[in-house]
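# A structural walkthrough
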Amino acid sequence: MENIQNKEISAIEKFELFWLLVLTCDLFMNYLPSVVYYLTLILLIIRSSRIELSFILIFFPGIMFIDALNNSLFDGNKALLILLFLGIIIIFTDIWCLRSEIFQCLLPLLVILLGFLITYIYAPKGYYSGYKIVAVITRGFANFLFFIVFIRTKNFNNIRFSLLLLFLFIFFLKIAYTIGVVSIPGNILDIGFIRRNLDETLYLGFVYPSYHQFGALPMFAIIFFLAGIKRLNWLSIFIIIICLYFGFLSGARQMIFGIILVLTIFIIKYWRKNLAILIPSVFLMFTLITLTTTEIKVPFISDFLINEEVIKDDGRFDLYKEAISIFEKEPLLGAGIGGFDPTGTSRNYPHNILLEVLAEGGLFMFSLIIFTIYFVKKRSEYKWWSSTVNGTIFLFLIIGFTIRAFSSSDLIENIALISALIAIGIYRTMPGLDEMDTTIYSIK
């Protein structure tokens, strides 16, 4: 099924894109007052559907000053759970309408969450391990409910939502200027300035949403945009360029690779017979991978692409080695959830969901997850290019969460990938995309 609202960019969306460009230019000139950005945010929220706002609340709460709340009287972790709960509440009527399909698909998720609960029995009993098991179960279930509704809803406009994500990038960057967390870049080619500025604030004792969260906004913007269109025109290419540009400004390398990967897959799907487009795209992807993983030096490009956090001492490589070492000591059951830190107190993790599962859950959790997902896929009618009711290619969304899960953060956030893979079970229960009986109305 191809939703008509995702075929073309409407006149309103063209105006929103123009206004987006105005605000982007203002990031470097800083003429417009903050109230203009707040008014724009309010108007975009009014135009959004409940499922679109739910996605922001469930998957992007950390971008909304929540980390900064950890330094205030209000606990940031509680704020995250409140926003998660609010994201579910605003789509609760739709969840209720789909309750029979949810119950039919829920068992595999419960099996995996029960497995994580078992690992808590022998995990170190610290604050982080306790919070982690509660958060993984809560977020895993909430993410699952969202994906079921997302697959079945008609009222999710990919183009409109992509522009909302891009505006959020601009909005929170403007706020960062206002409170002095990030300085205004010297020029439009000040690549990675968000990352450099936010890294400096860590030493000043002030916490602001990380550059990874900033980078995730344009990555998911391009994912939803490409997943909702069937052809490219000059305006579409312009939006893609903006997403790439915002990704480079953030300095989040894995998010940039995610954008390029999704673009490559999009080209393979729709232009696999056009070698003039396909071959250069694949070549570009492998070139970026080579520059990132080898000692080949290219002026400017290598300085930006080489991830020093991975290769330097006490960087990601050391975390990877530590995770492997824990797995070698406890190969069957692992160290227990949150056990990457021996006391279970500090929020330490290897920034890779595969290594995290092996280190904290051993072969027990790894096998349980793999076989459960295989069971779901076997019984599902889901195919690689299966679309949701509104025409979104669900594979693109899975790719986005996969990139996040294998490059950053811990299981608390990355349980979203497992929830998304379990949610494909609804393709077995769906009577047919044209027989959709659940309508999600826009916020008035």
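In this text the structure is predicted, and so the values were computed from the model without any measurement.

From N to C terminus, the protein includes 21 helices and 0 strands. For the protein, the share of sequence-separated contacts (at least 6 apart) that also reach a separation of at least 24 residues comes to 78%. Total accessible area on the protein stands at roughly 19,900 Å², and carbon and sulfur atoms take up 69% of it.

This brings us to helix α20 (residues 411-423). Taking 1.5 Å of rise per residue, the 13 residues of α20 would be expected to cover 18 Å, and the 18 Å separating its terminal C-alpha atoms lies within 8% of that figure. Burial runs high along α20: 12 of the 13 residues are buried. Residues of α20 that are buried include every one of L411, I412, N414, I415, A416, L417, I418, S419, A420, L421, I422 and A423, and no others.

Counted by the stated rule, this structure contains 9 salt bridges. Close ionic contact of D94 with R50 constitutes a salt bridge, the shortest N to O distance being 3.2 Å. Taken together, the residues span a long stretch of sequence, with D94 in helix α6 (residues 92-97) and R50 in helix α3 (residues 50-59) at a distance of 44 residues. By the burial criterion, D94 is buried, and R50 matches it. The partner of E101 in a salt bridge is R152, with the nearest N and O atoms 3.0 Å apart. Separated by 51 residues along the polypeptide, E101 in helix α7 (residues 99-121) and R152 in helix α8 (residues 127-152) bring together distant segments of the chain. Neither E101 nor R152 differs from the other in exposure class; each is buried. Beyond isolated ion pairs, a larger network of salt bridges with shared partners links K132, E356 and E360.

On to helix α17 (residues 316-329). Between its terminal C-alpha atoms α17 stretches 20 Å, which fits the 20 Å expected from 14 residues at 1.5 Å a residue. Within the span of α17, buried status applies to R316, Y320, A323 and I326. When α17 is viewed along its axis, its buried side chains cluster within an angular range of 125 degrees and face the same direction. Summarising the geometry of α17, the exposed residues directed more than 90 degrees from the buried face are K321, E328 and K329.

Here the protein averages 78 in pLDDT, and 76% of its residues register 70 or above. Below pLDDT 50 for its whole length, residues 65-74 participates in 29 contacts with residues either more than four positions away or in separate chains. A low-confidence stretch, residues 309-313 (pLDDT under 50), is modelled with 10 contacts involving residues beyond four sequence positions or located in other chains.

The subject of this paragraph is the environment of N414. Mapped onto the secondary structure, N414 falls in helix α20. Through-space distance from the C-alpha of N414 to that of F59 is 10.0 Å; in sequence the pair is 355 residues apart.

Below, the discussion takes up the packing of helix α9 (residues 158-178) against helix α11 (residues 211-228). Where α9 contacts α11, the axes come no closer than 8 Å and their chain directions differ by 165 degrees. Here α9 lies roughly antiparallel to α11, going by the angle between them. Seen along the crossing, α9 lies across α11 with a hand that is left-handed. Counting all contacts with α9, which are made through N158, I159, F161, S162, L165, L166, L168, F169, F172 and L173, the residues of α11 involved are F214, L217, P218, F220, A221, F224, F225, A227 and G228. Of the residues that constitute the contact of α9 with α11, the class distribution is 16 nonpolar, 3 polar and no charged.

Rules used in this analysis
- Throughout, a residue's number is its position along its own chain's written sequence, starting from 1.
- Since the coordinates come from a predicted model, pLDDT governs what is reported: local features require at least 70, and pairs of side-chain atoms require 80 or more to be given and counted, while whole-chain, interface and lining totals use all residues.
- Side-chain measures were taken over the full set of non-hydrogen atoms in the model, leaving aside hydrogen atoms and water.
- Numbered from the N terminus, helices here are DSSP runs of H or I no shorter than four residues, and strands are runs of E no shorter than two.
- When checking whether two residues touch, look at their non-hydrogen atoms; a contact exists if any pair is within 4.5 Å.
- Only the protein chains shown count as cover for residues, and all accessible areas are computed by the Shrake-Rupley method using a 1.4 Å probe.
- Expected span, for any helix, means 1.5 Å times one less than how many residues it has.
- Each residue gets one of three labels from its accessible area relative to the maximum for its type: buried under 20%, exposed over 50%, partly exposed in between, using a 1.4 Å probe on protein chains only.
- Salt bridge, as used here: a side-chain nitrogen of Lys or Arg that lies within 4 Å of a carboxyl oxygen of Asp or Glu.
- The reported arc concerns the directions from the helix axis to the C-beta atoms and nothing else.
- Each residue carries a pLDDT value, the predictor's own confidence for that position, ranging from 0 to 100.
- Here an axis means a line fitted to C-alpha atoms, over the contact stretch when the element is a helix, while the angle between two N-to-C directions is reported on a 0 to 180 degree scale.
- We call two directions roughly parallel when the angle between them is under 35 degrees, roughly antiparallel when it is over 145, roughly perpendicular when it lies between 65 and 115, and oblique otherwise.
- Take the far helix as the reference: if the near one is turned anticlockwise from it by less than a right angle, the crossing is left-handed, and if turned clockwise, right-handed.
- Residues were grouped as follows: Ala, Val, Leu, Ile, Met, Phe, Trp, Tyr, Cys and Pro as nonpolar; Asp, Glu, Lys and Arg as charged; and all remaining residues, including Gly, as polar.

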